[in-house]
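What follows is the residue order along each chain.
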Amino acid sequence: MLSGTDLVAGYRKGEPVLDGVNLEVPPGTVVGLAGPSGCGKSTLARVLALLQQPWSGRVVLDGEPVHRFRHATPRAQRTAVGVVFQHPRPAVDQRFTLRQVVAEPLRATGRPDAVDALAEEVGLTPELLTRRPHEVSDGQLQRACLARALALEPRYLVCDEMTAMLDASTTAALVRVVDRRVREDGTGVLAISHDEELLDHWAAHVVPLGTGSI
Ligand SMILES: Nc1ncnc2c1ncn2[C@@H]1O[C@H](COP(=O)(O)OP(=O)(O)OP(=O)(O)O)[C@@H](O)[C@H]1O
């Protein structure tokens, strides 16, 4: 289970964006997170992806409390949670080929050959892997970002508006990729979206943020 308890987080002193939020993402489940723009969904995503330290409250990852966030997060905890953001372009190094984008987290593992299986999993052809970000579409780049997030077989995946920039067929394809991991590997997913129809169809249940306590 990936859980946040009594989370308080924000950016300006005295103005918390999250004020006592509780959320649980069990393994093998897609939990949807919905709420109006600006209510703190991305902030909660960053806290649960261990990229932002909450002011107070606890994040617990499979029974282990998380004490350090951002670059200080221990590798074992950092690799246990993958994340995919809405905008793929700022999320990648523009000088890399897509093969290098996907291979980035694999460097430390000595398994660069895993790139081909990951590319196939997300529907990227070998030819697309040779291209750089400016030579591919948003959807193709987002496929590479999803492959990168899945490369270390995270136990949890945070999808923060992962499909908001994408057409219906690419959205369906990426949701299928994530669903297969949920089914076959027991990955727990936090799916954040403005698209209620998508969440109703994708998530086991949808948690509202910004409409009182959750
Ligand atoms: N880096 C930042 N510095 C200062 N304020 C920020 C920062 N990031 C977000 N905020 C503020 O925190 C609040 C919550 O933002 P957040 O992005 O978490 O909301 P959201 O629900 O994901 O919004 P959206 O649905 O529009 O993406 C907003 O008022 C936003 O302006």
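All values derive from a computational prediction rather than experimental measurement.

A.B. asks: So what's going on with the overall build of the protein chain? Which residues, and what values?
C.D. replies: Assigned secondary structure in the protein chain consists of eight helices and nine strands. If one aligns the C-alpha atoms of the protein chain with their principal axes, the spans along those axes are about 50 × 35 × 35 Å. For the protein chain, the proportion of its 214 residues judged to be buried stands at 38%. At a minimum sequence separation of 6, the contacts of the protein chain that also span at least 24 residues come to 70%.

A.B. asks: Tell me about the site of the ligand, residues and numbers included.
C.D. replies: Close to the ligand lie Tyr11, Val17, Gly35, Ser37, Gly38, Cys39, Gly40, Lys41, Ser42 and Thr43. Counted by class, the shell around the ligand contains three nonpolar, six polar and one charged residues.

A.B. asks: For the packing of helix H6 (residues 138-150) against helix H7 (residues 168-185), give the residues involved together with the corresponding values.
C.D. replies: Direction vectors running N to C along H6 and H7 enclose 10°, while the axes themselves pass 11 Å from each other. If you check the angle between H6 and H7, you find them roughly parallel. On H7, the residues touching Gly139, Gln142, Arg143, Leu146 and Leu150 of H6 are Thr170, Leu174, Val177 and Arg181.

A.B. asks: Lay out helix H4 (residues 114-122) in plain terms, naming residues and giving numbers.
C.D. replies: Along an α-helix, a turn takes 3.6 residues, which lines up residues three or four apart on a common side. Regarding H4, the residues found buried are Val115, Leu118, Ala119 and Val122. Down the axis of H4, the sector holding all buried residues measures 100°, keeping them to one side. When the buried face of H4 is taken as reference, the exposed residues oriented beyond 90 degrees from it are Ala117 and Glu120. Those residues of H4 that are buried are in contact with helix H3 (98-103), helix H5 (126-129), H6 and H7. In the segment just after H4, glycine 123 is the residue with positive phi, at about 85°.

A.B. asks: Can you break down the environment of proline 54 residue by residue, with the values?
C.D. replies: Along the chain, proline 54 turns up in the loop between helix H1 (41-48) and strand S4 (56-61). In the structure, proline 54 is positioned 37 residues away from valine 17 in sequence and 10 Å away in space, judged by C-alpha atoms. The residues touching proline 54, leaving out its near neighbours within four places in the chain, are Leu7, Val8, Ala9 and Val47.

A.B. asks: Account for the sheet that holds strand S1 (residues 2-12), with residues named and values stated.
C.D. replies: Pairing within the open sheet is antiparallel, and its four strands lie in the order S2-S1-S4-S5. Every interior strand has two partners, whereas the edge strands, strand S2 (15-25) and strand S5 (64-65), have only one. Helix-sheet contacts for H1 involve S1, S2 and S4, and the interaxial angle to S1 is about 120°.

A.B. asks: Describe the nonpolar core, and please don't skip the residues or the numbers.
C.D. replies: If you look at the biggest cluster of nonpolar residues, it comprises 58 residues, and the most contacted ones within it are Leu48, Val102, Ala147, Val158, Cys159, Leu190 and Ala191. Once residues within four sequence positions are removed from consideration, valine 158 is found in contact with Ala45, Leu48, Ala49, Val81, Val83 and Leu190.

A.B. asks: How would you summarise the sheet that holds strand S6 (residues 81-84) if you had to cite specific residues and measurements?
C.D. replies: The five strands are arranged S6-S7-S8-S3-S9 in an open sheet whose pairing can be described as parallel. Looking at which strands have only one partner, the edges of the open sheet turn out to be S6 and strand S9 (205-208). Adjacent strand axes in the sheet meet at a mean angle of 20°, parallel and antiparallel pairs treated alike.

What counts and how
- Residues numbered from 1 in each chain as written.
- Predicted model: local features only at pLDDT ≥ 70, side-chain atom pairs only at ≥ 80, totals over all residues.
- Helix = DSSP H or I, 4+ residues; strand = E, 2+ residues; numbered from the N terminus.
- Buried ≥ 20, exposed ≤ 12 C-beta atoms within 10 Å, placed from the backbone.
- Contact = placed C-beta atoms within 7 Å.
- Near = placed C-beta within 6 Å.
- Nonpolar A, V, L, I, M, F, W, Y, C, P; charged D, E, K, R; others polar.
- Axes fitted to C-alpha atoms, helices over the stretch in contact; angles between N-to-C directions.
- Parallel < 35°, antiparallel > 145°, perpendicular 65-115°, else oblique.
- Arc of directions from axis to C-beta.
- Pairing = 2+ DSSP bridges.
- Core = buried A, V, L, I, M, F, W, Y, C linked by C-beta atoms within 7 Å.

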